[in-house]
Protein chains: 2
Amino acid sequence: MKRENLVYSEEIKEILLKKGIAPSFQRIKIYEYLISHRVHPSAERVYIDLVGFIPTLSRTTVHSTLNLFADKGMARRLFIDGNLVRFDIDSSDHMHFKCTKCGEVYDILKSSPKVTSPEHKVLSGEMYLYGICKKCKEE
Amino acid sequence: MKRENLVYSEEIKEILLKKGIAPSFQRIKIYEYLISHRVHPSAERVYIDLVGFIPTLSRTTVHSTLNLFADKGMARRLFIDGNLVRFDIDSSDHMHFKCTKCGEVYDILKSSPKVTSPEHKVLSGEMYLYGICKKCKEE
DNA sequence: TCCATAATTTGTATTTATTACAATGTTGAA
DNA sequence: TTCAACATTGTAATAAATACAAATTATGGA
Ligand SMILES: [Mn+2]
Ligand SMILES: [Mn+2]
Ligand SMILES: [Zn+2]
Ligand SMILES: [Zn+2]
């Protein structure tokens, strides 16, 4: 393994420890994957891509790790698709756009509109946009 | 059947015909259900509630009918939950709020924020809000 | 170091939502 | 009435996610 990656892993260890998460090999690799593949992957996508590199990896670990990250506020669950959950390691305030032609999910780097309700206590919100992406338009 | 319901069904027939949909008994009943149960039900919810009334009803019919309504612009698919699709017969411009305690999905009767993108062609958008509903707050 | 315990991962089974598809049933125009 | 197109049904298949117990690994005190 390259020194770069080792340093990378050391930094990730710190991040996980600060959140009270034991920095296991699998968790570090999943975190690293999310950091370097910013396409809002599903659990299955993470699994498929990492299992080539970690042959003993199980889907259960991927799911439980992604849910752990989300519950600790280190990742965001995106319900932009109907029947699968995507994950975003970038929990900063931004929106998402899904191309209905190619299926890709892009960041819209503006803060999400703030909506309040006179009756309910609104704690969070997600704005999902749909349409045709730049790449698909040009074809 | 009460005369009221017959009139209701007649009106629904007109609505379906105008959209080019054959007004079968099942479709009319599913439409009627959506009109009179405005809680953004899932396909399973619609099926469970209607199968007592229409014993031969199949899940496939419910799914295909709801998808037909959505594709014809007569209903909206809501991805406010992670792994199930809810349907909303009200396709007017409004937002949705889900109570994370009781799970209920409420309407927020304001028009959804309009977001554009300099690169992508945005065709539609959905704003989902999460928090604690009025009822749960009061307990 | 060694051991006991806790934490984590794994693999399998299960659950749940949805779709695929062929067989059956229904309807309306000729 | 007949027939072809359309709609519904039931079963099987697919797919995402979870439940759970067994196996593995890490940790901390003797
Ligand atoms: Mn993002
Ligand atoms: Mn609504
Ligand atoms: Zn595209
Ligand atoms: Zn509530």
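Structure's up top.
Conventions used here
- Residues numbered from 1 in each chain as written.
- Chains lettered and ligands numbered in written order.
- Predicted model: local features only at pLDDT ≥ 70, side-chain atom pairs only at ≥ 80, totals over all residues.
- Heavy atoms only, no water.
- Salt bridge = Lys/Arg side-chain N within 4 Å of Asp/Glu carboxyl O.
- Buried < 20%, exposed > 50% of the residue type's maximum accessible area, 1.4 Å probe, protein only.
- Helix = DSSP H or I, 4+ residues; strand = E, 2+ residues; numbered from the N terminus.
- Least-squares fit on C-alpha atoms with pLDDT ≥ 70 in both.
- Contact = heavy atoms within 4.5 Å.
- Buried area = accessible area lost by both parts, 1.4 Å probe.
- Nonpolar A, V, L, I, M, F, W, Y, C, P; charged D, E, K, R; others polar.

(A) Region of the structure containing the pattern of salt bridges. Within this structure, the stated rule accounts for 18 salt bridges over all chains. The partner of A:R86 in a salt bridge is A:D81, with the nearest N and O atoms 2.5 Å apart. The same class applies to A:R86 as to A:D81, namely buried. B:R59 is the partner of B:E44 in a salt bridge, and the nearest nitrogen-oxygen pair spans 2.8 Å. Of this pair, B:E44 sits in helix 3 (residues 43–51) while B:R59 sits in helix 4 (residues 59–71), and the two are 15 residues apart along the sequence. Assessed through its relative accessible area of 35%, B:E44 is described here as partly exposed. What makes B:R59 partly exposed here is its relative accessible area of 40%. Taken together, the shared-partner salt bridges connect A:D81, A:R86 and A:K98 into one network.

(B) Molecular detail of the relation of the copies chain A and chain B. Mapping chain A onto chain B calls for a screw motion: a turn of 180 degrees about the axis and a shift of 0.0 Å along it, with 0.0 Å RMSD after fitting. The superposition operator between the copies reduces to a two-fold rotation axis. With an isologous cut-off of 70% or more, the 100% of interface residues of chain A that recur at the interface of chain B puts this contact in the isologous class.

(C) The arrangement of the interface of chain A and chain B in detail. Opposite the 34 residues of chain A that make contact, chain B presents 34 residues. Between chain A and chain B the total buried area reaches about 2,900 Å² when both faces are included, carbon and sulfur atoms providing 64% of it. On the chain A side of the contact with chain B, A:F79, A:H120 and A:Y130 bury the most area, a combined 20% of that side's loss. Where chain A packs against chain B, one counts 0 salt bridges. Counting residues per element, the ones that place at least two in the side of chain A that touches chain B are strand 3 (95–99), strand 4 (105–108), strand 5 (121–132) and helix 5 (134–137) of chain A. Ranked by the residues each element gives to the side of chain A that touches chain B, the list is headed by strand 5 of chain A, at 12 residues. Of the residues contributing to the side of chain A that touches chain B, the split by class is 18 nonpolar, 9 polar and 7 charged.

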